[in-house]
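Remarks on the overall topology
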Amino acid sequence: MTAAADKYALYFRNWKFVLGDYPTGGTRVTASEYLPEMEGQLFCPECYAPLFRSPKNRDRSTAGKAAFFAHSRSVRLPCSIRTKPTEGRRYETEEDARKAIEDGRLVILSEFMQQRPEGTGVEAGQYDQGPVEDIEGPLASVPISRHRGESFLLPSRISTIAGMCRNFDQNFDKYFVMPGAQYAVPLRELLSSVHEIAEQNPVARLYFGKIEAYDQYWTSGKWKTTLMHKAPGVGDFCLKLSGSMQSEKGISKESIGRILLMYGPISINGSGLCLENLGYGEFALLPQKYEYLLE
């Protein structure tokens, strides 16, 4: 049984699959954008194996399932899109891991920025994902070796969620080692929707949700960005931060309907749940052109 190739395929006109000889670029094509002339020229964004559209000429199958891209049986390579990994990606040698970092396929995050970098020239209300979203971090010892008990000493980054959101479609399939994590996991699998979360979680994780309302807590001076949520027995789910911090990231009443990404632990907030007291780099609006990847 083949598996869906997630949200899109890469279209390379006149390229044929050759193991180890992969092209750059390519046009991202969703199943709804498929044209008959693309047949045989669609490839997986991770392993580059050939893909096909199912069903080929209809929007839905006879069972009512929406059309999707699937891996061809002719080429079988390790791929987390075809088969979800149970432990994330591991590397044979430190050189393999360093090469993946150099090629832009692996990112080691030592931490997210807690304070806005000095000298960015960005004022509250004018935030537009400025240039300082990613700086070199310390060498990090990460346990992503295939060999039990072995760690690699690798260059890391101190980054921001906004930095992840820039070129989000390219980052979507990259492998990330989050702060304190044991595995390298594709970004698409790190992202968890808040929509049905029903309990607190003290472990910081990467979440996303669609903004439903933006209001001030009169008692604390913080602003409450409420996210669409429907878990039974839970009042609501929100991001709770100062209005100036949220304004700097472009969050306001005009952001209702936009998707917000956040990194942190989930705590109890009255009858609901929230993420609060996040650092400068731990939340950001997703550019609207990439929302299709999460909807």
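For the structure itself, consult the block above.
Attention here is on the structure that accompanies the text. (Residues numbered from 1 in each chain as written. Predicted model: local features only at pLDDT ≥ 70, side-chain atom pairs only at ≥ 80, totals over all residues. Heavy atoms only, no water.)

1. Brief notes about the sheet that holds strand S2 (residues 27-29)
With antiparallel pairing, the three strands of this open sheet are ordered in space as S2-S1-S3. The two strands at the open ends of the sheet, each matched to only one other strand, are S2 and strand S3 (42-43). (Pairing = 2+ DSSP bridges. Helix = DSSP H or I, 4+ residues; strand = E, 2+ residues; numbered from the N terminus.)

2. Quick notes on the packing of aromatic side chains
Within this structure, the stated rule accounts for 11 aromatic pairs. Judged by centre distance (6.2 Å) and plane angle (40°), the rings of Phe 168 and Tyr 290 are tilted. Here Phe 168 is found in helix H3 (residues 168-171), whereas its partner Tyr 290 is found in the segment after strand S17 (283-285), with 122 residues between them in sequence. Comparing Phe 168 with Tyr 290, the two get one shared label, buried. Here a set of aromatic residues connected by ring pairs shows up, and it is made of Phe 12, Trp 15, Phe 17, Tyr 22, Phe 43 and Tyr 48. Stacked on the ring of Tyr 280, the Lys or Arg Lys 249 has its end atom at 4.5 Å from the ring centre. A cation sits over an aromatic face here: Lys 249 above Phe 283, 4.3 Å from the ring centre. (Phe/Tyr/Trp six-rings, centres within 6.5 Å; stacked < 30°, edge-to-face > 60°. Buried < 20%, exposed > 50% of the residue type's maximum accessible area, 1.4 Å probe, protein only. Lys NZ or Arg CZ within 6 Å of the ring centre and 35° of its normal.)

3. Description of the pattern of salt bridges
Summed over all chains, the structure comprises 17 salt bridges. Arg 28 is paired through a salt bridge with Asp 169; the nearest N and O atoms lie 3.8 Å apart. With Arg 28 in strand S2 and Asp 169 in helix H3, the pair connects residues that are 141 residues apart, well separated along the chain. Given the relative accessible area of 13%, Asp 169 is considered buried. Between Asp 236 and Lys 224 there is a salt bridge; the shortest N-O distance is 2.6 Å. Taken together, the residues span a long stretch of sequence, with Asp 236 in the loop between strand S13 (222-227) and strand S14 (237-242) and Lys 224 in strand S13 at a distance of 12 residues. Members of the salt-bridge network, linked through shared partners, are Glu 46, Arg 89, Asp 173 and Arg 188. (Salt bridge = Lys/Arg side-chain N within 4 Å of Asp/Glu carboxyl O.)

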